[in-house]
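As a plain string of letters, each chain reads:
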Amino acid sequence: PTSLPADDVLAVAVDARGRVWVGTSRGVARLAPGSGRAQTFPSDSAALAPVSAIAPRAAGGVYVATQGTGVWRLAPSTGRYEAVALPRTVRAVSAV
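Conventions adopted
Residues numbered from 1 in each chain as written. Predicted model: local features only at pLDDT ≥ 70, side-chain atom pairs only at ≥ 80, totals over all residues. Heavy atoms only, no water. Buried < 20%, exposed > 50% of the residue type's maximum accessible area, 1.4 Å probe, protein only. Helix = DSSP H or I, 4+ residues; strand = E, 2+ residues; numbered from the N terminus. Pairing = 2+ DSSP bridges. pLDDT = per-residue confidence, 0-100. Axes fitted to C-alpha atoms, helices over the stretch in contact; angles between N-to-C directions.

With respect to burial, strand 6 (residues 62-66) is a largely interior element, four of its five residues being buried. As paired elements, strand 5 (residues 51-56) and strand 6 share five bridges and run antiparallel to each other. Its bridge partner being in strand 6, Ala-53 is matched across the sheet by Ala-65. Counting the residues that bridge the hairpin from strand 5 to strand 6 gives five residues, and of these Gly-60 lies at a positive phi of roughly 105°. Bridge count between strand 6 and strand 7 (residues 70-75): five bridges; the pairing is antiparallel. Considered in strand 7, the bridge of Ala-65 is made with Val-71. Linkage of strand 6 to strand 7, two consecutive antiparallel strands, is achieved through a turn of three residues, within which Gly-68 is found at a positive phi near 110°.

So this is what it looks like as structure tokens:
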């Protein structure tokens, strides 16, 4: 696909390889520099959207913070989102 999962851009981050990660109300997309093409990682659950913040991981992929359901780790190789266990003392995440 060459478009984003949704038209609304809610979060943006750039990783060490210069790829732009975009969070929307329906998931995440990764834009390759210079190509204008987007690889989409739509959320298959309403629990994973909307995205409120994105932070690139040194090991690849990104952390994705959502409005209301916490932080998720996205593995681009599989396209899967995995919930990140936060300490019990953390009651809210406003930004990653």
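Once that is clear, we can look at the confidence of the model for the chain. For the chain, the average pLDDT comes to 83, and 85% of its residues sit at 70 or higher. Within the chain, the lowest mean pLDDT, 86, falls on strand 4 (residues 38-42), and the highest, 94, falls on strand 1 (residues 11-14).

Spatially, four strands are ordered 5-6-7-8 in an open sheet, and the strand pairing comes out antiparallel. What marks the edges here is a single partner per strand, and that holds for strand 5 and strand 8 (80-83). Geometrically, the sheet is characterised by an average inter-axis angle of 30° between neighbouring strands, direction not taken into account.

This next bit is on the pairing of strand 2 (residues 20-24). Among the five residues that make up strand 2, four are buried, leaving the element largely enclosed by the rest of the structure. Examined bridge by bridge, strand 1 and strand 2 share four bridges and lie antiparallel to one another. Considered in strand 2, the bridge of Ala-11 is made with Gly-23. Hairpin connection, strand 1 to strand 2: the antiparallel pair is bridged by five residues, and Gly-18 has positive phi, about 85°. Linking strand 2 back to strand 3 (residues 27-31) in an antiparallel pair, the connection comprises two residues.

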